[in-house]
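What follows is the residue order along each chain.
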Amino acid sequence: MSTPDSVRIDPIDETPIPTTKEELLPLYRQMLAIRRLEEASAKAYSQGKIGGFLHLVIGQEAVCVGSVAALAPEDYVVATYREHGHAYAKGVAARPIMAEMYGKKTGLVKGLGGSMHLFDKPTHFLGGYGIVGGHVPIAAGVAFKCKYKDERRVTLCFFGDGAATIGGFAEGIALAALWKLPVVFICENNLYSMGTPLYRSLAVSDVSLRAIPHGMARDRLDGDDVIKVKHRISEAVQRARETNEPTLVEILTYRFRGHSMSDPGLYRTKEEVAEWRKHDPVSRARARLLDECKVPEDEIKVVDAEVKEEIADAVRFSEESPTADEYFRYVIKE
Ligand SMILES: Cc1ncc(C[n+]2csc(CCOP(=O)(O)OP(=O)(O)O)c2C)c(N)n1
Ligand SMILES: [Mg+2]
């Protein structure tokens, strides 16, 4: 993958991990559903049907899908404001995610949170946080609870490269290492924090090196292969579950769209975006299904059609649902 040299401190192991139809097809399906869900939400946003902020994970789907595939259902996920895919991968259905963005009563948090504040107790998806890096200590706290109660549950904490410059990140990983907490910190390094490239905010661009002063295990990999992500995160999850040792994993990835819907992304060249698009995780998984797993194209097309209908249904459901009109009930009027 074409990663700027400044980002690559350690060589990255490019050896592909073999896979099977049974393993890859469900992950392809999830990634495609997330891609279609977000494309539909972008359309609704441009039509004025979704308000507030909207941050899309398009291009980064292999990170959330591969990572969450390494978990048991009772494990926890804590994520950022770019979290629709993480919630979906954890088991939240497309309908309540989309309806939440639409601000409808049928939304995941009753239409009162919006895109950045998804939260779902049944699937153990614990948010959705808008303060960059602010959720890293929260994830450490969840992991502390799991260890204290001897639950053998693991917490995945997702954050961006920009979060690695924040105090909350430094404090969260320090405590997790000190107290040996069963948490895997996953830095989704998409090379930019809004319009700021990582090399302008961190002196050393390898975020995973931050694990070293804490004696914490670390890993660093490319994020375009969902199978590789699953296998490498599985190693960290196993370490957390069996020994309560945390891991800091940095996954190099790229968002194909702007930071949010209001960002035309003028700080990146067309050539850079085109280069990364060659490593589209969804296309890559599809190609592996065809070439390596020998899945007939017609069978993949059935999945494509099912996903299309699933998302069309989520849009219809959201459009037809009643508006969450209780916003002001929770506002204190002076
Ligand atoms: C503490 C804090 N500072 C600034 C912001 C404004 N802000 C929102 S998203 C963002 C970029 C974060 O980039 P990164 O952590 O790399 O995540 P990405 O958006 O690339 O997924 C910033 C600066 C914020 N929400 N919180
Ligand atoms: Mg980023």
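Up top you'll find the structure we're talking about.
As the structure is a prediction and not an experimental result, all values here were calculated from the model. Along each chain, the written sequence defines residue order, and numbers are assigned to residues from 1. Naming scheme: in the order in which they are written, chains are lettered from A and ligands are numbered from 1. Only residues with pLDDT of at least 70 get local features here, since the model is predicted, and only at 80 or more are side-chain atom pairs given and counted; chain-wide, interface and lining totals rely on the full set of residues.

J.: I would appreciate a short explanation of the environment of Glu319 in the present structure.
T.: Tracing the backbone through its elements, the reader meets Glu319 in helix α10 (residues 297–320). Residues with at least 20 other C-beta atoms within 10 Å of their own are called buried, those with 12 or fewer are called exposed, and the rest are partly exposed. The C-beta atoms themselves are positioned from the backbone. In this structure Glu319 comes out as partly exposed when scored by C-beta crowding, with 13 C-beta atoms within 10 Å. The spacing of Glu319 and Leu202 is 117 residues in sequence and 43 Å in space, taken between C-alpha atoms. We count a stretch as a helix when DSSP gives it H or I for four or more residues in a row; a strand needs E for two or more, and each element gets its number in order from the N terminus.

J.: I would appreciate a short explanation of the site of ligand 1 in the present structure.
T.: Every one of the 15 residues lining ligand 1 counts as a neighbour, but Val132, Gly160, Gly162, Ala163 and Ser193 are closest to it. Here the nonpolar group is Ala, Val, Leu, Ile, Met, Phe, Trp, Tyr, Cys and Pro; Asp, Glu, Lys and Arg are the charged ones; every other residue, Gly included, is treated as polar. A class-by-class count of the residues in the shell around ligand 1 yields five nonpolar, seven polar and three charged. Put plainly, near means the residue's C-beta atom, positioned from the backbone, lies within 6 Å of the molecule or strand in question.

J.: What is the right way to look at the nonpolar core in this model?
T.: One finds Met31, Leu37, Ile97, Cys157, Val183 and Val184 to be the most contacted residues of the largest nonpolar core, which totals 85 residues. The biggest single contributor to this core is helix α1 (residues 21–46), with ten residues. Contacts are defined on C-beta atoms placed from the backbone: any two residues whose C-beta positions lie within 7 Å are in contact. Residues in contact with Val184, not counting those within four places in the same chain, are Val154, Leu156, Ile233, Ala236, Val237, Ala240, Pro246, Thr247 and Val249. The next biggest cluster of nonpolar side chains, apart from the first, holds five residues, and it includes Leu191, Tyr192, Leu198 and Trp276. Here, a nonpolar core means buried Ala, Val, Leu, Ile, Met, Phe, Trp, Tyr and Cys residues linked by C-beta atoms lying within 7 Å of one another.

J.: Whenever I open this one, the pairing of strand β7 (residues 247–252) confuses me. Can you help?
T.: If a strand is regular, its side chains alternate between the two faces of the sheet. The element β7 is largely enclosed, with a buried count of six among its six residues. Judged from the six bridges that link them, strand β3 (residues 183–189) and β7 form a sheet pairing that is parallel. Each residue of the ladder has a partner; that of Phe185, found in β7, is Leu248. Strands are treated as partners if at least two bridges between them are detected by DSSP. Sheet topology note: the strand β6 (residues 217–222)/β7 ladder contains six bridges and is parallel. Looking across to β7, one finds that Ala217 is bridged to Thr247.

J.: I keep staring at helix α4 (residues 94–101) and nothing clicks. Help me out?
T.: Of all eight residues making up α4, eight are buried, and the element is well covered by its neighbours. Within the span of α4, buried status applies to Ala94, Arg95, Pro96, Ile97, Met98, Ala99, Glu100 and Met101. Residues of α4 that are buried sit in contact with α1, α3 (84–90) and α10. Positive phi appears at Gly103, one or two residues downstream of α4, with a value of about 70°.

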